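Here is how the chains run, residue by residue.
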Amino acid sequence: MTTLIATSRDYGALIKEDRVHSAIFTDEQIFQDEMERIFHRTWLFALHESEVPKHGDFKRLQLGRFPIIATRDGDGQIQLLINRCRHRGAQVCEAMRGNAKRFQCWYHGWTYDSKGDLVGVTGAEAYDQKFDPEQHGLTRVPRVDSYRGFVFASFDEQAMDLRQYLGATLKYFDIMVDASPTGELQVKPGVVNRTRYRGNWKQVGMDGYHPHYVHMSVFKIFSKRENTTGSAVGALHLEDPFADSSSSRTRGFEYGHACLDFRAQRRPHAEQSIEDLRASDDGRRYVEDMITAHGEEHAKELIAWHGDPHLGVFPNLQLIHDHVRVVVPISPGETEVLMYPVFLKGVGDSINEKRLRAHEAFYGPAAAGSPDDAEIFERTQRGLIADADPWVLLGRGLGREEQDEDGSVAACISDETTQRAQMQEWKRLMTRR
Amino acid sequence: MAKQIVNAAPEAVTTGLVDTATQQRLERFLTYEAALMDEHQYDTWMALWEGNDIRYWVPCNDDDQDPSSGIAIIYDDRSQLEERIMRLKDKTAHAYRPQARLNRNIGGVVAVSREQDIVEVASNFVLGEIRVGVQNIWFGKCLYRLRDSGETFRLLSKKVMLLNNDEAMPNLTFLV
Ligand code: FES
Ligand SMILES: [Fe+2]
């Protein structure tokens with residue numbers, strides 16, 4: 001269902017192993033081609049199934065250039081429908097979220113149900129026998145699949161199997177989901193930081209090199225705190241997770257996924273995290289329930305990891321700390337970032353409340369972390385326009401990478417392995433015929 | 001704040017819950033508070049707050065989003081607010097440098113409840129921001145809990161309901 005815009009440009013020449021051309025961040029034609037070749041062909045994260053739990057629940061979202069209504073239909077299935085009336089093209093749903101069993105287009109009154117089927121045509125007698133309502137339901141996104149509640153979509157009927165696409169990253173999804181003793185998360189469509197910055201969507205990468213500099217003010221403040229376990233920069237009072245001498249690793253996966261892997265670095269902090277939790281009733285119960293659900297050893301590491309996979313799934317999803325982050329490209333120089341805090345099911349309210357406060361302390365338009373990231377993305381966008389020396393260097397740590405048994409490439413936390421993985425996937429998709 | 005004014009006791013919008021002199025002191029106080037924010041006078045602004053049981057709250061998504069089950073843009077107690085002030089003053093907090101140039105108009109100052117020396121006051125503002133060549137206009141409604149000493153006021157809590165709190169927003173790099 002997608003058309004490729006013909007272009008004679010050689011996008012392969014813009015991506016080298018250790019550097020990329022700044023045009024990929026600034027060029028309008030490249031952005032349009034990214035929509036066609038990346039966003040309209042590969043797998044995109046759509047929503048978490050808990051956002052539309054009941055029949056008729058819906059939520060609007062954006063996939064590439066397509067405005068989408070995600071619904072829960074009468075059979076309990078999630079439908080991803082293009083928000084465009086099949087009569088003359090008006091959007092049929094204006095609310096961002098809610099519950100509706102019918103979507104009525106108010107241009108001429110056609111009505112669709114939560115499956116997207118056309119169930120009402122006003123003045124239907126004016127159409128002849130050949131008009132088949134079944135052929136005029138809201139257009140469905142052809143491929144929809146999910147992993148542990150995370151729903152992905154692809155406009156390419158031929159897209160590879162989702163499990164293959166996610167590959168070795170699946171176990172990182174588990175880190176987030178299994179932080180719940182019942183293995184269930186809740187994402188609320190009406191609880192989200194929506195931010196916008198004047199910079200390219202690919203700036204939202206996975207970068208273990210920037211925190212000491214971009215987030216210097218946070219490091220300063222945290223160095224004054226007694227305990228920073230569970231905070232967005234980790235247990236800084238115990239060890240700096242962003243030091244190359246730490247056991248944190250940066251990882252690049254096939255198909256452009258990337259991760260800052262803090263598992264080994266955080267594991268020794270399990271006892272302290274458990275001790276912190278045991279200071280409250282909800283925390284004590286949480287530790288017990290986690291041990292019952294996962295066994296002592298795995299429960300301890302899950303608690304040490306704080307449900308934070310720090311995973312980037314190309315091109316539009318990140319699972320960072322307590323939240324699900326969705327990247328929405330608007331134009332080459334404008335991007336929206338949606339951050340949905342994740343609630344754990346099967347835990348006391350105070351556990352989730354603590355996670356909410358930790359999230360909002362670092363993430364969001366007035367928090368301690370996100371504004372400095374957005375600021376640096378905007379400065380970068382302003383700098384990239386000056387393309388006299390157009391190459392953006394991504395070669396850090398190229399000489400100290402190792403292939404891991406799960407197929408990922410790993411290196412020190414500040415190495416640009418993550419960016420290299422993303423850029424190679426960008427090249428694969430942009431040059432694919 | 002509109003809803004608070006609409007729902008206030010009828011006297012709040014007729015004869016008023018405070019006398020004219022108090023109304024004038026209230027308006028002068030809120031004008032002063034706005035000027036301190038516009039001029040980035042963080043320490044002086046911080047000194048307007050009284051006691052340890054304070055709350056500076058900017059809801060997200062919904063003016064009445066419950067903070068126990070939803071997020072806020074800002075939900076600071078005293079220690080968090082003190083850290084925020086440290087960052088606002090810190091030259092290495094890049095989002096705050098250069099500082100935004102700000103100009104806000106406040107209005108609609110109505111005392112919506114009064115109990116002894118505690119006054120609840122609604123107001124609203126229009127705020128122009130210029131930073132790195134970009135102008136943003138912010139709108140908001142405020143609900144304050146103030147202690148009236150007879151001479152001046154002290155902040156006990158402040159809730160700021162931004163008009164765009166459910167929209168994609170740029171960095172909010174100053175006090176509202
Ligand atoms: S465009 Fe929707 S009914 Fe005509
Ligand atoms: Fe960052």
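Residues numbered from 1 in each chain as written. Chains lettered and ligands numbered in written order. Predicted model: local features only at pLDDT ≥ 70, side-chain atom pairs only at ≥ 80, totals over all residues. Heavy atoms only, no water.

1. Observations regarding the environment of A:Trp201
Residue and element names in this part refer to chain A.
For step 1, the next point in the chain: Turning to its location among the elements, Trp201 is positioned in the loop between strand E13 (193-197) and helix H5 (211-214).
For step 2, the next point in the chain: Since its relative accessible area comes to 3%, Trp201 is described here as buried.
For step 3, the next point in the chain: In this structure the C-alpha to C-alpha distance between Trp201 and Asp415, which are 214 residues apart in sequence, comes to 21 Å.
For step 4, the next point in the chain: Those residues in contact with Trp201, other than ones at most four positions away along the chain, are Phe31, Glu34, Ile38, Phe39, Phe314, Pro315, Val327, Pro329 and Thr335. (Helix = DSSP H or I, 4+ residues; strand = E, 2+ residues; numbered from the N terminus. Buried < 20%, exposed > 50% of the residue type's maximum accessible area, 1.4 Å probe, protein only. Contact = heavy atoms within 4.5 Å.)

2. Describing the pattern of salt bridges
For step 1, the next point in the chain: Inspection of every chain in the model, using the stated rule, returns 49 salt bridges over all chains.
For step 2, the next point in the chain: Notably, a salt bridge pairs B:Lys158 with B:Glu33, separated by 2.9 Å at the nearest N-O pair. Taken together, the residues B:Lys158 in strand E6 (residues 153-162) and B:Glu33 in helix H3 (residues 20-38) connect sequence positions 125 residues apart.
For step 3, the next point in the chain: Overall, B:Lys158 belongs to the buried group, its relative accessible area being 2%.
For step 4, the next point in the chain: With a relative accessible area of 1%, B:Glu33 lands in the buried category.
For step 5, the next point in the chain: Connected via shared salt-bridge partners are A:Arg194, A:Arg196, A:Glu334 and A:Glu336. (Salt bridge = Lys/Arg side-chain N within 4 Å of Asp/Glu carboxyl O.)

3. Some remarks on the coordination of the iron ion (ligand 2)
Residue and element names in this part refer to chain A.
For step 1, the next point in the chain: Of the protein atoms, only His210 (NE2), His215 (NE2), Asp373 (OD) and Asp373 (OD) coordinate the iron ion (ligand 2), at distances of 2.1 to 2.5 Å.
For step 2, the next point in the chain: Note that the iron ion (ligand 2) binds four donor atoms; their angles at the metal cover 56 to 154°, and the shape is irregular.
For step 3, the next point in the chain: Read from N- to C-terminus, the donor residues coordinating the iron ion (ligand 2) fall into the pattern H-x4-H-x157-D. In this pair, His210 sits in the loop between E13 and H5 while Asp373 sits in helix H12 (residues 370-384), placing the two residues 163 residues apart along the sequence.
For step 4, the next point in the chain: By relative accessible area, which is 16% here, Asp373 ends up buried. (Donors = N, O, S within 2.8 Å, 3.2 Å for Na, K, Ca; no water. Tetrahedral: all angles 85-135°; square planar, octahedral: opposite > 155°, others 65-115°.)

4. Considering empty space enclosed by the protein
Residue and element names in this part refer to chain A.
For step 1, the next point in the chain: This structure, assessed with the given rule, holds nine cavities of 30 Å³ or more.
For step 2, the next point in the chain: Of the volumes computed, that of the largest cavity is approximately 160 Å³.
For step 3, the next point in the chain: Along its surface, the largest cavity is lined by 16 residues, and Trp201, Val204, Phe314, Pro315 and Gln422 are the ones closest to its centre.
For step 4, the next point in the chain: Among the elements of the structure, strand E16 (311-313), strand E17 (317-320) and helix H13 (417-431) are those that each provide at least two residues to the lining of the largest cavity.
For step 5, the next point in the chain: The biggest single contributor to the lining of the largest cavity is H13, with three residues.
For step 6, the next point in the chain: Taken together, the residues that form the lining of the largest cavity break down as nine nonpolar, six polar and one charged.
For step 7, the next point in the chain: In this structure, the second largest cavity spans a volume of roughly 140 Å³. (1 Å grid on protein atoms, 1.4 Å probe; cavity = no way out; pocket = protein on both sides within 12 Å on 5 of 7 lines; lining within 4 Å. Points joined across faces, edges and corners; volume = space filled by probe spheres on them. Nonpolar A, V, L, I, M, F, W, Y, C, P; charged D, E, K, R; others polar.)

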